[in-house]
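One letter stands for each residue in the lines below.
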Amino acid sequence: MTDTQDPIIKFSDVTKRFGDLVVLDHFDFEVNLGEKVALIGPSGSGKSTVLRILMTLETIQEGQIELDGIPYREPGGHGPFHASAKHLHNIRSRVGMVFQGFNLFPHMSVLRNITEAPVVVLGLSKREAKERAMQLLEMVGLADKADAFPTQLSGGQKQRVAIARALAMRPRVMLFDEPTSALDPELVGEVQEVIRGLAHEHDLTMLLVTHEMRFAREIADRVCFFDKGRIVEQGPPAEVMVNPQEERTQNFLAPYLADRQAGV
Amino acid sequence: MTGTALLPPLLAGAKITAELTIASTFIGAVLAFAAGIARGTGGRLIRLIAAVYIEIFRGTSLLVQLFWLYYALPLLGPSIGPFTTGVLALSLNIGAYGAEVVRGSILAVARAQHEAAIALNFSRRQRLWHIVLPQALPEMMPPLGNLAVQNLKDTSLVSMITIADLTFHAQNLRNLTLDTVPIYSLTLLLYFAMALILMACMRGLERWVRIGGSPARS
Ligand SMILES: Nc1ncnc2c1ncn2[C@@H]1O[C@H](COP(=O)(O)OP(=O)(O)OP(=O)(O)O)[C@@H](O)[C@H]1O
Ligand SMILES: [Mg+2]
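Along each chain, the written sequence defines residue order, and numbers are assigned to residues from 1. For this description, chains carry letters from A and ligands carry numbers from 1, given in the order in which they are written. This being a predicted model, a pLDDT of at least 70 is required before a residue's local features are given, and a value of 80 or more before pairs of side-chain atoms are given or counted; all residues contribute to the totals for chains, interfaces and linings. Calculated side-chain values reflect all of the structure's heavy atoms, with hydrogen atoms and water omitted.

The subject of this paragraph is the environment of M199 of chain B. Residue and element names in this part refer to chain B. The numbering of helices and of strands both runs from the N terminus, where a helix is a DSSP run of H or I of at least 4 residues and a strand a run of E of at least 2. Considering the arrangement of structural elements, one finds M199 in helix 8 (residues 180-213). Residue classification places M199 among the partly exposed positions, given a relative accessible area of 30%. M199 sits 112 residues away from V87 along the chain, and the two C-alpha atoms are 20 Å apart. For every residue, the accessible area obtained with a 1.4 Å probe (protein chains only) is divided by the maximum for its type, and the residue is called buried under 20%, exposed over 50%, and partly exposed between those limits.

The following block contains the structure:
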């Protein structure tokens, strides 16, 4: 169990800019294996950017990132990521991502959405991939929708399929970028239910960007409050979300704390 | 001269026109996909080569291309004959316009789709074939259908390099008989009939492409 001391994710002095805009500012961040981390904070503070960098959807300008002990950049690596396609493939094989907008493939059935990558990328047989997909659809409560197309699903159903699709690749790290923000209020619960279930998986490392403070408090081992490209305050939800020390955190959480005091 | 006497030579010409259209639309489609994909997704050198081809053939007139190939190609190697020259010119021309359609529909596929595919660890090539092209294909079919009809109409220019197509026969008959109005009326109808058939084929193809992947769209 000494391995658990080594973080599975490690940002060291990372700076990310879009032109002149500094989005991450000498950013340090570590996540342990199996940890469930909620990223909260005002709009534009860099929460999504952290996830997108981990998923190799964004490059960085300075600093280092490691995942499972593998540095994102290769020595002498080429291209915007300073890494070969093979190296990026290796990194991506460990990470899965769920997007705010679902991003299902509209030209494929629900089942194909889930089996396509396992078949094409991992080389599973169609039968194996289908078995895996059906188990996951069962888990997210959509086994009866296997043959439906994305346009025929509600937002909540789409997001549950997107979660199943990401899990089918068996990632060690799951990234959720505001998975319920695009949903009608009455559909939020069914998606949270699925994520709550995943939070019980001991070995799965989870990063969740959310504006649902209650939900963050419920599932996270640690809450990180972001402001202006830095983590201003972090710790167990029972501390950060109940008794925040920093003024910016207090201001951000004020509406939520007021709700709680009012017993809502 | 009566219509019945005019018809056989015009039909013979229409057959040549149909052959030219089918051959050059088919080859042009292959060129359009190759150049469009190359320009949209290739490496720097491949993109440049595709761009040069596309811009040269879109930026010059088909008639000049036709004459150029007809007179310049024999200087480079063995003569390939007027029909092959005609097919080549038409294919290269329609391929250049088609390439821009193909490229445009590839680029129109949402960024979010690329990101989802990257997150699932599809390689560049797998993203193109499994995610992007299947979504782009239905979108490019209507404009490609228009180009095919355009191509049919463009074939009339090959009469300038001695190919005995429909227009060639019409001009020939007019020189012989001076029955200008009936000859060109029949010619017009024949072109129109061929265009109708072509449009029906393209619409069938379009439907087939849509049903191939996604659900019937309402
Ligand atoms: N592709 C881009 N080009 C330019 N600026 C960008 C780009 N993507 C993000 N930004 C900017 O970077 C900053 C951080 O964005 P990020 O999406 O990480 O914020 P966030 O914390 O997720 O905010 P939100 O809660 O609104 O999602 C914002 O100011 C945003 O406008
Ligand atoms: Mg965001």
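Here the focus is the sheet that holds strand 1 (residues 7-18) of chain A. Strands belonging to one sheet form pairs held by backbone hydrogen bonds; the direction of such a pair is parallel or antiparallel. Residue and element names in this part refer to chain A. Whether two strands pair depends on DSSP finding at least two bridges between them. Sheet architecture is open: 4 strands sit in the order 2-1-4-5, paired in antiparallel fashion. Every interior strand has two partners, whereas the edge strands, strand 2 (21-32) and strand 5 (70-71), have only one. Contacts from helix 1 (residues 47-54) reach strand 1, strand 2 and strand 4 (62-67), with the element oriented near 115 degrees to strand 1. We call two residues contacting when some pair of their heavy atoms lies within 4.5 Å. Between N-to-C directions, angles cover 0 to 180 degrees, with each direction set by a line fitted to C-alpha atoms, over the stretch in contact for helices.

All names here are of chain A. Relative to each other, helix 5 (residues 155-167) and helix 6 (residues 185-199) sit at 20 degrees, their axes nearing to 8 Å. Judged on the interaxial angle alone, helix 6 and helix 5 are roughly parallel. The hand of the helix 5/helix 6 crossing is right-handed. Listed contacts from helix 6 to G155, G156, Q157, Q159, R160, I163 and L167 of helix 5 are L187, E190, V191, V194, I195 and L198. Residues are grouped as follows: Ala, Val, Leu, Ile, Met, Phe, Trp, Tyr, Cys and Pro are nonpolar; Asp, Glu, Lys and Arg are charged; all remaining types, including Gly, are polar. Grouping the constituent residues of the contact of helix 5 with helix 6 by class yields 7 nonpolar, 4 polar and 2 charged. Working definition: roughly parallel below 35 degrees, roughly antiparallel above 145 degrees, roughly perpendicular at 65 to 115 degrees, and oblique for all remaining angles. For any pair of crossing helices, the crossing counts as left-handed if the nearer helix is rotated counterclockwise from the farther one by less than a right angle, and right-handed if it is rotated clockwise.

All names here are of chain A. We call a residue near a molecule or strand as soon as one heavy atom of that residue lies within 4 Å of the molecule or strand. Contacts to ligand 1 come from 13 residues, most closely from S43, G44, K47, S48 and T49. N or O atoms closer than or at 3.5 Å make up a polar contact, with two conditions inside protein: a donor-capable atom paired with an acceptor-capable one, and, for residues adjacent in sequence, both atoms drawn from side chains. Here T49 contributes a side-chain N or O atom positioned 2.5 Å from an oxygen atom of ligand 1. Where accessible areas are quoted, they stem from the Shrake-Rupley method and a 1.4 Å probe; at the residue level, only the protein chains shown are allowed to cover. Burial of ligand 1 by the surrounding chains reaches 60%, relative to a free accessible area of 630 Å². Elements represented by at least two residues in the shell around ligand 1 include exactly strand 2 and helix 1. Examining the composition of the shell around ligand 1, we find that 3 residues originate from one element, helix 1, more than from any other.

With that settled, consider the nonpolar core. Residues and elements named next belong to chain A. Ranked by size, the top nonpolar core spans 43 residues in total, and within it I9, F11, F29, L39, L54, L175 and L207 carry the most contacts. Note: domain ranges come from an automatic or database domain assignment. Shared between two domains, this core takes at least three residues from each, and those domains are domain 1 (9-94 + 173-261) and domain 2 (106-170). If sequence neighbours within four positions are ignored, L39 has contacts with F29, K47, V50, L51, L208, V209, T210, C224 and F226. To define a nonpolar core, start from buried Ala, Val, Leu, Ile, Met, Phe, Trp, Tyr and Cys residues and group those joined through side-chain atoms within 4.5 Å. In this structure, A133, A146, A168 and V191 belong to the second largest nonpolar core, which totals 36 residues.

All right, on to the UniProt feature "domain: ABC transmembrane type-1" (unreviewed entry) in chain B then. UniProt positions are given in the numbering used here, feature names are shortened, and annotations may be inferred rather than shown by experiment. Listed under "domain: ABC transmembrane type-1" (unreviewed entry) in the UniProt record, and renumbered for this structure, are residues 14-199 of chain B. End C-alpha atoms of residues 14-199 of chain B are separated by 17 Å, and the span's content is 85% helix alongside 0% strand.

Time to look at the domain arrangement of chain A. Residues and elements named next belong to chain A. Examined at the domain level, chain A breaks down into domain 1 (9-94 + 173-261) and domain 2 (106-170). A straight line from the C-alpha centre of domain 1 to that of domain 2 covers 25 Å. Taken together, the contacts link 12 residues of domain 1 with 13 residues of domain 2. Around 930 Å² of area is buried between domain 1 and domain 2 when both sides are counted, 77% of it from carbon and sulfur atoms. When the buried surface of domain 1 facing domain 2 is broken down by residue, M174, E190 and V194 rank first, second and third, together holding 42% of it. A salt bridge links E190 to R160; the shortest N-O distance between them is 2.9 Å. If you look at where domain 1 meets domain 2, you find 3 residue pairs in polar contact (both at pLDDT 80 or more). Secondary structure elements with two or more residues in the side of domain 1 that touches domain 2: strand 7 (173-177) and helix 6. It is helix 6 that contributes the most residues to the side of domain 1 that touches domain 2, 6 residues altogether. Here the residues of the side of domain 1 that touches domain 2 sort into 9 nonpolar, 2 polar and 1 charged. When two parts are put together, the accessible area they lose, computed with a 1.4 Å probe and summed over both, is reported as buried area. Whenever Lys or Arg places a side-chain nitrogen within 4 Å of a carboxyl oxygen from Asp or Glu, that contact is recorded as a salt bridge.

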